[in-house]
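Take a look at the letters that make up each chain.
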Amino acid sequence: MKNNFFYQVAGHRFRLSFSNDFLGEDSLSNYAPFRVSKETGDCLFSLSIVDNLSDELDYKQVGQFNNDIAFIGVFKSDGGSFRFRIAYPGSRDYCTMDTDAAFRVAQVKLPAGDKHRFFCLNNCLMLLYAFSTANLDTLMMHASVIKNGADGFIFLGKSGTGKSTHSRLWLDYVEGSELLNDDNPVVRIFDGKAIVYGTPWSGKTPCYRNEEALLKGIVKLQQAPLNQIKTLSLLQAYAIVFPACSSMRWEEEIASGVHRTVEKLISMVACYRLDCLPDKAAADLSASTIKE
């Protein structure tokens, strides 16, 4: 028997289909706040968990993502459809996902063992979401987000530079602060505003809030022996925002969509660079600057 679950993140709806043999509903607890009724709205994409995938098409590797979180190989057929292979770094257990050229219809064969199944499924859904929304004024970003009242503030930086630490400092010392997402928020632009959303994807921090905030500032963090902050030019802002967005830079249509949305975003939202220590003074400085 097939189970169909429908979810909505930042206003974009998608469907996940699987049998009871593959996954229990308990495995999808981070998606629970985003679950919606199937009767409301069309789906942007659908992902089905299957027993086997066809090997009729000839795929050639066109790129890869390789970091401390996952290894993802990207393959493409002559007809434009994609195949992804996803695994823990250094692991031989991987899943294979096939998707059409527009990332609207996808199937995945998951590895054996519960440990890797949900990891692979989670990454498949993230990839489908990021690429299917690339031309819809929507960005999935690698960042930590604080919600303060109705406003949202994004902290960028490479892994280990202190995004999560700086967010915790806001939680401790900036009144009214809440964590909205700690790894993969979504920013969407419509009606002349930039809105940042919580998502089911929050890295190692279990923060899965189906909430939104008006984005008021983007801050690139850099560890330093003293605290100082400066406003960035549009060119400098582009240089910090674009690399933080999920994209396939070798795929022109996806990269162009992300580029256009980033250009809109930095024209609407002030961007800063914060050289900082992991202390209260750094949180006070960033809050007093960007909240104004």
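Residues numbered from 1 in each chain as written. Predicted model: local features only at pLDDT ≥ 70, side-chain atom pairs only at ≥ 80, totals over all residues. Heavy atoms only, no water.

Student: Sorry if this is basic, but what is going on with the overall build of the protein here?
Tutor: Summing up its helical and strand segments, the protein has 5 helices and 18 strands in all. On C-alpha atoms alone, the protein measures out to a radius of gyration of 19 Å, which is about the 19 Å that the 2.2 N^0.38 rule sets for 292 residues. By its C-alpha atoms, the protein is 55 × 40 × 35 Å across when sized along the principal axes. Relative to its full complement of 292 residues, the protein shows a buried share of 52%. Counting only contacts in the protein whose residues sit at least 6 apart along the sequence, the fraction spanning at least 24 positions is 62%. A total accessible area of about 13700 Å² is found for the protein, and carbon and sulfur atoms account for 47% of it. Charge centroids of the protein, computed over 31 positive and 33 negative side chains, lie 2 Å from each other. (Helix = DSSP H or I, 4+ residues; strand = E, 2+ residues; numbered from the N terminus. Rg over C-alpha atoms; globule rule 2.2 N^0.38 Å. Buried < 20%, exposed > 50% of the residue type's maximum accessible area, 1.4 Å probe, protein only. Contact = heavy atoms within 4.5 Å. Areas by Shrake-Rupley, 256 points an atom, 1.4 Å probe, with all protein chains shown as cover. Lys, Arg positive; Asp, Glu negative; His and termini not counted. Charge placed at Lys NZ, Arg CZ, Asp CG, Glu CD.)

Student: I keep staring at the packing of helix α3 (residues 234-241) against helix α4 (residues 252-268) and nothing clicks. Help me out?
Tutor: Each pair of packed helices can be described by the angle between their axes along with the distance between the axes. Put simply, α3 and α4 touch, their axes get as near as 10 Å, and they point 130° apart. Judged on the interaxial angle alone, α4 and α3 are oblique. As for the relative orientation of α3 and α4, their crossing is right-handed in sense. Residues L234, A237, Y238 and V241 of α3 form the contact with α4, whose participating residues are H259, V262, E263, L265, I266 and S267. (Axes fitted to C-alpha atoms, helices over the stretch in contact; angles between N-to-C directions. Parallel < 35°, antiparallel > 145°, perpendicular 65-115°, else oblique. Left-handed = near helix turned anticlockwise from the far one by under 90°.)

Student: Looking at this model, I keep getting lost on empty space enclosed by the protein. Mind explaining?
Tutor: The probe, sized like a water molecule, is rolled over the atoms to show the empty space still left. Tallying each qualifying case throughout the model produces 1 cavity of 30 Å³ or more. Its volume calculated, the largest cavity comes out at about 30 Å³. As for the largest cavity, its lining consists of A130, T133, T138, L139, M140, C245, S246 and V258. The element that contributes the greatest number of residues to the lining of the largest cavity is strand β10 (residues 138-140), accounting for 3 residues. Taken together, the residues of the lining of the largest cavity sort by class into 5 nonpolar, 3 polar and no charged. (1 Å grid on protein atoms, 1.4 Å probe; cavity = no way out; pocket = protein on both sides within 12 Å on 5 of 7 lines; lining within 4 Å. Points joined across faces, edges and corners; volume = space filled by probe spheres on them. Nonpolar A, V, L, I, M, F, W, Y, C, P; charged D, E, K, R; others polar.)

Student: Hey, could you run me through the side chain of R13 in this one?
Tutor: On the secondary structure map, R13 appears in strand β2 (residues 12-19). Buried and without a salt bridge, R13 has D42 as its closest oppositely charged side chain, separated by 7.6 Å. For R13, the side chain forms a polar contact with the side chain of Q8, separated by 2.6 Å. Contact partners of R13, with chain neighbours within four places excluded, come to Y7, Q8, V36, S37, T40, G41, D42, C43, L44 and F45. (Salt bridge = Lys/Arg side-chain N within 4 Å of Asp/Glu carboxyl O. Polar contact = N/O pair within 3.5 Å; in protein donor to acceptor, adjacent residues only side chain to side chain.)

Student: What exactly am I supposed to notice about the pattern of salt bridges here?
Tutor: Pairs may arise between side chains of opposite charge once their charged atoms sit close together. In total, this model carries 10 salt bridges according to the counting rule given. A salt bridge links D55 to R83; the shortest N-O distance between them is 3.4 Å. With a gap of 28 residues between them, D55 in the loop between β4 (45-49) and β5 (59-66) and R83 in strand β7 (residues 82-87) connect regions that are remote in the sequence. Taking the relative accessible area as the measure of exposure, D55 reaches 64% and is therefore exposed. Classification of R83 by relative accessible area gives buried; the value is 7%. A salt bridge links D275 to R273, with the nearest nitrogen and oxygen atoms 2.9 Å apart. Looking at R273, the relative accessible area reads 35%, which means it is partly exposed. Shared partners join several salt bridges into a network, and the residues in it are K147, E178, R209 and E211.

Student: Can you help me understand the sheet that holds strand β1 (residues 2-9) in this one?
Tutor: Backbone-to-backbone hydrogen bonds join strands into a sheet, with any given pair of strands oriented parallel or antiparallel. If you trace the 9 strands from one edge of the open sheet to the other, you get β3-β1-β2-β4-β9-β8-β7-β6-β5, paired in mixed fashion. A single partner strand is all that each edge strand has here, and the edge strands are β3 (35-36) and β5. Strand direction decides the pairing type here: β4 and strand β9 (residues 105-109), joined by 4 bridges, are parallel. The residue bridging S46 from the neighbouring strand is V105, located in β9. (Pairing = 2+ DSSP bridges.)

Student: Could you clarify how one ought to interpret the layout of surface pockets in this entry?
Tutor: A volume near 240 Å³ is recorded for the second largest pocket. Residue lining of the second largest pocket: 14 residues in total, with A101, A102, N135, E253 and I254 positioned closest to the centre. If you list the elements that add at least two residues to the lining of the second largest pocket, you get α1 (114-132) and α4. Broken down by element, the lining of the second largest pocket gets its largest block of residues, 3 residues, from α4. For the lining of the second largest pocket, the class distribution of residues is 7 nonpolar, 2 polar and 5 charged.

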